[in-house]
Amino acid sequence: MGSTASTLSKIPDVETLMQETGFTPAHMVRLYDRFKALDKERKGHLCPQDFGAIKELAENPIGDRIVGAFFSQGQETLDFHSFVRILAHFRPVDKDRPRDPNVPEPINSRSNKLKFAFQLYDQDKDGKISRAELLQVLRAMLEMQVTEEQLESIADRTIQEADLDRDEAISFDEFRKSLEKVNIDHKMSIRFLR
Amino acid sequence: MDELWGVVFSAIKAWFTLVVLLIMFPAMLGVSLGITETYMKILVKTLKWATVRIEKGSEERKTLKVSSSNGLIQRLDGSMEEQIWELRGSRPKPPVGGDFTLSDVFYFSRKGIESIVEDEVTQRFTSEELASWNLLTRTNYNFHYISLRLTVLWGVGVIVRYCVLLPLRVTLASIGLSWLVIGTTAVGFLPNWRIKEWLSELVHLMCYRICARGLSATIHYHNRENRPKKGGICVANHTSPIDVVILANDGCYAMVGQVHGGLMGVVQRAMVRSCPHIWFERAEMKDRHLVTQRLRDHANDKTKLPILIFPEGTCINNTSVMMFKKGSFEIGGTIYPVAIKYDPQFGDAFWNSAKYNMVSYLLRMMTSWAIVCNVWYLPPMTQHEGESAIQFANRVKSAIAHQGGLVDLSWDGGLKRAKVKDVLKEQQQKKYSNMVVGEDSSD
């Protein structure tokens, strides 16, 4: 491991990336080292199998979905830029950001964090979580532990509670509304210690 | 031209005599001339000064508190149940349809992303980071250019380490190894009298002492009354191949391992001539019963030296102890646990076998400042009635972790190469399902 400056120079377009994502140079270096550590065969990009090697992710019930969030649109390879852009969703919210309507929202805004979570449910990206999609997530999280009837009753009840316009699906706004009391910044942020 | 060669030759002769007299003979006799102590004192003073300079130079960055753990990111406290409860807020539990909310997914996605950035297993296979720089480039993570004086000191350090210490250490190491081979072969020719044992121990000890000097190793042994006795099994946490040298400096052990080719093979064959070590062919290692049987036979013979085993099976970075494989604990006999903790300030002893091969690793070792470590001998343990081998192994592991100040983990070190079983995923699902549908879930 060399000094920060030398590693930074190895990352292409690092300035634009830092501006887009808001990561500090030190964090960029750490993420780059992590990217390289995950890329065991030194291909220069990651594929889904590289994520499979992470033990804690393999035991996570929605581990596959999380990996899927990185490989959008059926791609098979993930470069460092895309890797960092997804992880940027989990940066803590910048408390003193000026509300400028001309500047696009940063990746780690509360709204974008919610969108990320929404997309874990909404796999076909049609903007709504259908009953079938909800059942899929529940199945992944509970698998052998519950019966099909129990799963369906959970899905029905959840949709009933959140579905305000009675279209048997949960849109992004309904999703956001049902979670307005949750401290998104605390629960969907990862803080670096060094 | 000839004069130049003459000068070079006499310089080399003088160098050798100096080395032999000042370092080798005292090492062989187990006596210390105090050279290493003075070196360490100077080193400690210099590093302290360097630390003060670095701290002065980085006052703006005091806000980023340096954590004593090896962690990169902050993990939230609380089990799965506690964290999901927090997410749900004070929502009343619905009467029917299970206790599930859309926010539950936050917990899992956060955990997933955390593990993508840093996972608990891989963390243990990278070198421990220091709170303050110790003037070695290899440990320089966050420290920028501070002052001219510091850079000059670093430069002097490089010269000292590569031009003075390295040749010295390489000389000592080669002398040590050749002496091991020659000595053990010579002893092997003697018939099996009592004196053969004594001589063999002497030869082994001398060679390991020379090798230890060859690494500038300063070892502090604690509780030496608990040293492993004959017919027992010595068990220790594994950080690097040097562990063997560290332990063998204070007693004689029977080594266990695979037969290698090349230089290692020569050393192994020589060692086995003077006293019985246990070397396995690669094919034999697969047969667990054969392995256990051979080890058991050795351990049952009370005149044979204690067996040295590293039950983790792989090198860990000395901040934690990983799962002990139960094979060593099924042999029976008395277990003598030993905890080894290296001081990372003077040199990082961890062998990252994915990153460095043996030769580059040894080179790194020989260009560090020194190897400083503490060895604690723990009281002997035996398997209790009705205790399974796994429980016994965990008991020994906790004792070692506790003594050495290491984190006690139950992950299998072999996971750094293998895949996780589905069983672990099922456990997570079971825990979550208890929260959602309660105890009356189907099996």
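- By the naming in an unreviewed UniProt entry, chain B is Glycerol-3-phosphate acyltransferase 3-like, taken from Chanos chanos.
- According to its UniProt record, chain B has this under Subcellular location (unreviewed entry): "Endoplasmic reticulum membrane".
- The UniProt entry for chain B carries this comment under Sequence similarities (unreviewed entry): "Belongs to the 1-acyl-sn-glycerol-3-phosphate acyltransferase family."

- As named in an unreviewed UniProt entry, chain A is Calcineurin B homologous protein 2 isoform X2, taken from Chanos chanos.
- Checking UniProt for chain A, the heading Sequence similarities (unreviewed entry) contains the comment "Belongs to the calcineurin regulatory subunit family. CHP subfamily."

**Observations regarding the overall build of chain A**
Here is step 1 of the chain: A count of helical and extended segments in chain A gives twelve helices and two strands.
Here is step 2 of the chain: Each helix and strand of chain A, ordered N terminal to C terminal, gives the series α-α-α-α-α-α-α-α-β-α-α-β-α-α.
Here is step 3 of the chain: Counting over 194 residues, chain A shows a buried share of 49%.
Here is step 4 of the chain: When contacts within chain A are restricted to residue pairs at least 6 apart in sequence, long-range pairs at least 24 apart make up 53% of them.
Here is step 5 of the chain: Just so you have it, chain A exposes about 9,700 Å², and 51% of that area is on carbon and sulfur atoms.

**Side note on the overall build of chain B**
Here is step 1 of the chain: When its secondary structure is counted, chain B shows 13 helices and nine strands.
Here is step 2 of the chain: Residues classed as buried in chain B amount to 49% of the 443 residues present.
Here is step 3 of the chain: Counted over contacts in chain B with a minimum sequence separation of 6, partners at least 24 positions apart contribute 77%.
Here is step 4 of the chain: As displayed, chain B has an accessible area near 22,300 Å², and 62% of this comes from carbon and sulfur atoms.

**Comments concerning a nonpolar patch on the surface**
Here is step 1 of the chain: A cluster of nonpolar side chains, contributed by M1(B), L4(B), W5(B), V8(B), F9(B), I12(B), W15(B) and F16(B), occupies part of the molecular surface with about 870 Å² of accessible area.
Here is step 2 of the chain: Among the secondary structure elements, W5(B) is positioned in helix 1 (residues 2-29).

**Comments concerning the pattern of salt bridges**
If the charged atoms of two oppositely charged side chains come close together, the side chains can form a pair.
Residue and element names in this part refer to chain A.
Here is step 1 of the chain: Enumeration according to the criterion identifies 17 salt bridges over all chains in this entry.
Here is step 2 of the chain: Note that K43 is salt-bridged to E41, the shortest N-O span being 3.9 Å.
Here is step 3 of the chain: A salt bridge links R191 to D185, with the shortest nitrogen-to-oxygen separation between them at 3.9 Å.
Here is step 4 of the chain: Residues joined in a network through salt bridges with shared partners are D39, E41, K43 and D50.

**Description of the nonpolar core**
Here is step 1 of the chain: Ranked by internal contacts, the top residues of the largest apolar core, which has 76 residues, are F51(A), F70(A), F83(A), F175(A) and F106(B).
Here is step 2 of the chain: Among the elements that make up this core, the one with the highest residue count is helix 4 (residues 104-117) of chain B (seven residues).
Here is step 3 of the chain: Counting residues in hydrophobic clusters, the runner-up holds 40 residues, among them L180(B), C211(B), W279(B) and L308(B).

**So, the UniProt feature "transmembrane region" (unreviewed entry) in chain B**
Here is step 1 of the chain: UniProt marks residues 12-35, 146-164 and 170-190 of chain B with the feature "transmembrane region" (unreviewed entry), using the numbering shown here.
Here is step 2 of the chain: Summarising residues 170-190 of chain B: 90% helix, 0% strand, and an end-to-end C-alpha distance of 31 Å.

**So, the sheet that holds strand 3 (residues 254-258) of chain B**
All names here are of chain B.
Here is step 1 of the chain: Taken together, seven strands build an open sheet; the order of strands is 1-8-7-2-5-3-4 and the sheet is mixed. The open sheet terminates on both sides in strands that have one partner only, identified here as strand 1 (217-222) and strand 4 (278-280). In this sheet, adjacent strand axes meet at a mean angle of 25 degrees when their direction is disregarded.
Here is step 2 of the chain: The sheet strands contacting helix 10 (residues 288-300) are strand 2 (233-236), strand 3, strand 4 and strand 5 (307-309), and the helix crosses strand 4 at an angle near 170 degrees.

**Details of the packing of helix 8 (residues 110-121) of chain A against helix 4 of chain B**
Here is step 1 of the chain: Here helix 8 of chain A crosses helix 4 of chain B at 100 degrees, and the two axes come no closer than 11 Å. The angle between helix 8 of chain A and helix 4 of chain B places the two elements in the roughly perpendicular class. Within the contact between the two elements, helix 8 of chain A uses L114(A), F116(A), A117(A), L120(A) and Y121(A) and helix 4 of chain B uses V105(B), F106(B), S109(B) and I113(B).
Here is step 2 of the chain: Among the residues forming the contact of helix 8 of chain A with helix 4 of chain B, the class breakdown is eight nonpolar, one polar and no charged.

**Looking at the UniProt feature "domain: EF-hand" (unreviewed entry) in chain A**
Here is step 1 of the chain: Mapped onto this structure's residue numbering, the UniProt feature "domain: EF-hand" (unreviewed entry) falls at residues 109-144 and 150-185 of chain A.
Here is step 2 of the chain: Split by type, residues 150-185 of chain A is 61% helix and 8% strand. Its first and last C-alpha atoms lie 32 Å apart.

**Looking at the packing of aromatic side chains**
Here is step 1 of the chain: For the structure on display, the rule yields 17 aromatic pairs over all chains.
Here is step 2 of the chain: Taking the centre distance of 5.4 Å and the plane angle of 50 degrees together, the rings of F35(A) and F83(A) count as tilted. Pair noted here: F35(A) is in helix 3 (residues 25-38) and F83(A) is in helix 7 (residues 80-87), with a separation of 48 residues, a long-range link. Residue F35(A) shares its accessibility class with F83(A), and that shared class is buried.
Here is step 3 of the chain: Taken together, a centroid distance of 5.8 Å and an interplanar angle of 35 degrees make the contact between W351(B) and Y361(B) tilted. You can see W351(B) sitting in the loop between strand 7 (335-343) and helix 11 (358-366) and its partner Y361(B) sitting in helix 11, a full ten residues away along the chain.
Here is step 4 of the chain: Y361(B) gets classed as buried once you look at its relative accessible area, which sits at 1%.
Here is step 5 of the chain: Three or more aromatic residues link up through ring pairs in this structure, and these residues are Y32(A), F35(A), F51(A), F70(A), F71(A), F80(A) and F83(A).
Here is step 6 of the chain: Over the aromatic face of W369(B) sits the side chain of R161(B), whose NZ or CZ is 5.3 Å from the ring centroid.

**Focus on the packing of helix 5 (residues 148-188) of chain B against helix 6 (residues 194-213) of chain B**
Residues and elements named next belong to chain B.
Here is step 1 of the chain: Packing of helix 5 against helix 6 leaves a shortest axis separation of 8 Å and a crossing angle of 170 degrees. Classed by the angle they form, the pair helix 5 and helix 6 counts as roughly antiparallel. Residues L172, G176, W179, L180, G183, T184, V187 and G188 of helix 5 touch helix 6, and the partners they reach there are K196, L199, S200, V203, H204, M206, C207, I210, C211 and R213.
Here is step 2 of the chain: For the contact of helix 5 with helix 6, the residue count by class is ten nonpolar, six polar and two charged.

**Observations concerning the side chain of D185(A)**
Residues and elements named next belong to chain A.
Here is step 1 of the chain: Its place among the elements puts D185 in helix 12 (residues 184-187).
Here is step 2 of the chain: With relative accessibility at 14%, the residue D185 sits in the buried group.
Here is step 3 of the chain: Polar contacts involving the side chain of D185 include one to the main-chain amide nitrogen of V93, which spans 3.0 Å.
Here is step 4 of the chain: Each residue touching D185, except ones within four places of it in the same chain, is listed here: P92, V93, K95 and R191.

**Considering the confidence of the model for chain B**
Here is step 1 of the chain: The pLDDT averaged across chain B works out to 77; a share of 82% of its residues lies at or above 70.
Here is step 2 of the chain: A low-confidence stretch, residues 60-69 of chain B (pLDDT under 50), is modelled with eight contacts involving residues beyond four sequence positions or located in other chains.

**Focus on a positive patch on the surface**
Here is step 1 of the chain: Taken together, the side chains of K10(A), K36(A), R42(A) and K355(B) define a basic patch exposed on the protein surface.
Here is step 2 of the chain: If you trace the backbone, K36(A) turns up in helix 3.
Here is step 3 of the chain: Here K36(A) falls in the partly exposed class, since its relative accessible area comes to 42%.

Thresholds, definitions, all that
Residues take numbers from 1 onward in each chain, read along the sequence in its written order. Each chain is given a letter, starting from A, and each ligand a number, starting from 1, according to the order in which they appear as written. Reporting of local features is limited, given that this is a predicted model, to residues whose pLDDT is at least 70; pairs of side-chain atoms are given and counted only at 80 or more, and all residues count toward the totals for whole chains, interfaces and linings. Working from all heavy atoms in the structure, the side-chain values ignore hydrogens and water. UniProt positions are given in the numbering used here, feature names are shortened, and annotations may be inferred rather than shown by experiment. Helix and strand definitions here come from DSSP, where helices need a minimum of 4 consecutive H or I residues and strands a minimum of 2 consecutive E residues; each element is numbered from the N-terminal end. Type-normalised accessible area, obtained with a 1.4 Å probe on protein chains alone, sets the label of each residue: buried when under 20%, exposed when over 50%, and partly exposed for intermediate values. Should any heavy atoms of two residues lie within 4.5 Å, those residues are counted as being in contact. For the accessible areas, the method is Shrake-Rupley and the probe is 1.4 Å, while residue cover comes only from the protein chains on display. A patch consists of residues whose relative accessible area exceeds 30% and which take part in no salt bridge; residues with like charges are grouped when within 9 Å of each other, and nonpolar side chains (Val, Leu, Ile, Met, Phe, Trp, Tyr) when within 5 Å. In the sections that follow, a salt bridge refers to a side-chain nitrogen of Lys or Arg positioned within 4 Å of a carboxyl oxygen of Asp or Glu. In these notes, a set of buried Ala, Val, Leu, Ile, Met, Phe, Trp, Tyr and Cys residues joined through side-chain atoms within 4.5 Å is what counts as a nonpolar core. Pairing between strands requires that DSSP locate at least two bridges from one strand to the other. Axes, fitted as lines to C-alpha atoms, cover a helix only where it is in contact. Angles between the N-to-C directions of the axes lie from 0 to 180 degrees. The labels follow the angle: roughly parallel below 35 degrees, roughly antiparallel above 145, roughly perpendicular from 65 to 115, and oblique for the rest. In this classification, the charged set is Asp, Glu, Lys and Arg, the nonpolar set is Ala, Val, Leu, Ile, Met, Phe, Trp, Tyr, Cys and Pro, and all remaining amino acids, among them Gly, are polar. Stacked, edge-to-face and tilted labels apply to pairs of Phe, Tyr and Trp rings (six-membered ring for Trp) whose centres lie within 6.5 Å, assigned for plane angles under 30 degrees, over 60, and everything in between, in that order. Whether a charge sits over a ring depends on NZ of Lys or CZ of Arg being within 6 Å of the ring centre and within 35 degrees of the ring normal. Side-chain atoms alone can form a polar contact between residues adjacent in sequence; in general such a contact is a pair of N or O atoms within 3.5 Å, and within protein one must be able to donate a hydrogen while the other accepts it. A score between 0 and 100, pLDDT records how confident the predictor is in each residue. The charged-residue count follows a simple rule in which Lys and Arg add positive charge and Asp and Glu add negative charge, with His and chain termini not counted at all. For this purpose, a charge sits on NZ of Lys, CZ of Arg, CG of Asp or CD of Glu.

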